[in-house]
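Chain and residue survey
Spelled out from the first residue to the last, the chains are:
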Amino acid sequence: MANGTAVGIDVGGSRMAGALVDLDRGGQVLERRELATPSLDPDAVVGGIVSLARELAAGGVAAVGVAAAGMVDRRGVMRYAPNIAWREFPLAERVRAEVGLPVRVENDATAAAWGEFRFGAGRGVRDLLLVTVGTGIGGGIVLDGELVRGAHGFAAEVGHIVVEPDGPRCGCGNRGCWEQVASGRTIARLGREAARERLSREMLELAGGDPERVTGEVVTQAGRAGDPVALRILTEVGRRLGQGIAGLVNVLDPELVVVGGGAAEAGDLLLGPAREAFAEAVEGSAHRPAVPIVPAALGNDAGAVGAADLAAHLAGGGG
């Protein structure tokens, strides 16, 4: 069983999700476990990862993969993380010492891109761009069947391209990063602003009458119900998303763009405007093959599944 299975653990700012993955059966998730993430204590986070790994690996596995938000170098050192207090933290080394198995640590969106490429929406293509749209925006790139990690391991931090220099302040310290105008956080912010101005009765009702309780999910729900203000917000954010994707396609020339993350659950309310804006903004749209923009297939499992497969490659002597 060990050769065909691996553990993947996706570490987020609030939750860490572990999966036992059967890699011989198309990345099938056999078991899942979750824990709260103690975001202010790096050692406690390691303890949580190790606990999940040991529980899921009890029957024998090839390796453990960890998908974590932040800048991960090629040695598995968390150089910087926005939501967990990791600074120059040797995460792979620490977990490896505790579990006694090969351990690979990757950026969460990079791992998710690999998961979608191997087992999800990207099966059958060689060149893929993944854009994760959640609280922020992340990215992962596969070109000619190979994961693009960059010279230091930091490739595809696409959410921090500055697109509006005088725009909202980003958690990275800059103003107007792409994720500040085209993410789930943006949808929620615009929704709260509209609710405070009493522009949307539907959103206010869904939020229990409190504008500060408007979330991206509330805006999406209102949009599905036909609320014009919610639809305008989703259209605006979708168009900014599509414009950014066009710039990335100009640079990378992928065969397919996969959009994942929580905000992507808005479906065509977000992706429809994104596709339209993409077609308007991409270079030579009438003279290049179509580049489909499709929703991710693996959902919340993508990071864990991708990390498990990458760890198994490492255990088998792959890159």
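Presented here is an overview of the structure given in this document. (Residues numbered from 1 in each chain as written. Predicted model: local features only at pLDDT ≥ 70, side-chain atom pairs only at ≥ 80, totals over all residues. Heavy atoms only, no water.)

**Re the sheet that holds strand β3 (residues 28–36)**
Using the following cut-off: By the convention used here, strands pair only if DSSP detects at least 2 bridges between them. Secondary structure counts use DSSP, requiring at least four H or I residues in a row for a helix and at least two E residues in a row for a strand, with both numbered from the N terminus. Helix axes use the C-alpha atoms of the stretch in contact, all axes being lines fitted to C-alpha atoms, and the angles between their N-to-C directions lie in the range 0 to 180 degrees. In what follows, a contact means two residues having at least one pair of non-hydrogen atoms within 4.5 Å.
Across the sheet, five strands lie side by side as β3-β2-β1-β4-β8; this open sheet has mixed pairing. Since the sheet does not close on itself, it has two edges, and those belong to β3 and β8 (103–107), each with one partner. Sheet twist, expressed as the average angle between the axes of neighbouring strands with direction ignored, equals 20°. Bridge analysis of strand β1 (residues 5–11) against strand β2 (residues 15–22) gives seven bridges, and the strand direction is antiparallel. Directly across from I9, in β2, lies its bridge partner G18. Relative to the sheet, helix α1 (residues 42–56) contacts β1, β2, β3 and β4 (64–68), its axis offset from that of β2 by approximately 25°. Taken strand by strand, helix α2 (residues 91–99) contacts β4 and β8, and its axis lies near 150° from that of β8.

**Remarks on the nonpolar core**
Here is the rule we go by: Take the buried residues of types Ala, Val, Leu, Ile, Met, Phe, Trp, Tyr and Cys, join any two whose side-chain atoms come within 4.5 Å, and each joined set is a nonpolar core. Using a 1.4 Å probe on the protein chains alone, a residue whose accessible area is under 20% of its type maximum counts as buried, one over 50% counts as exposed, and one in between counts as partly exposed.
The biggest cluster of nonpolar side chains holds 44 residues, and the ones touching the most others in it are W178, M203, I233, L241 and I245. For this core, the elements supplying multiple residues, two or more each, are β9 (128–133), β10 (137–143), α4 (184–196), α5 (201–206), α6 (216–224), α7 (228–252), β12 (256–260) and α8 (268–281). The greatest single-element share of this core, amounting to eleven residues, is contributed by α7. Sequence-distant contacts of W178, that is, excluding residues within four places in its chain, are made with V131, I137, V158, G159, I161, V163, R240, L241, G244, I245 and L248.

**Details of the environment of G12**
Here G12 shows up in the loop between β1 and β2. Between the alpha carbons of G12 and R79 there is a distance of 16 Å; along the sequence they are 67 residues apart. Apart from residues lying up to four places away in sequence, G12 is in contact with T37 and I84.

**Describing the packing of α6 against α7**
The cut-off we apply is this: Note: crossing handedness is left-handed where the near helix turns anticlockwise from the far helix by less than a right angle, and right-handed where it turns clockwise. Gly falls in the polar group here, along with every residue not listed as nonpolar (Ala, Val, Leu, Ile, Met, Phe, Trp, Tyr, Cys, Pro) or charged (Asp, Glu, Lys, Arg).
Close contact between α6 and α7 brings their axes to 7 Å; oriented N to C, the two are set at 115°. Of the two possible hands of crossing, α6 and α7 adopt the one that is left-handed. Between α6, through V219, T220, A222 and G223, and α7, the contact on the second element is made entirely by A230, L231, I233 and L234. In the contact of α6 with α7, the residues fall into six nonpolar, two polar and no charged.

**Looking at the sheet that holds strand β7 (residues 87–89)**
Reading across from one edge, β5-β6-β7 is the order of the three strands in this open sheet, with antiparallel pairing throughout. Since the sheet does not close on itself, it has two edges, and those belong to β5 (71–72) and β7, each with one partner. Pairing between strand β6 (residues 78–80) and β7: two bridges, direction antiparallel. Paired with M78 across the bridge in β7 is F89.

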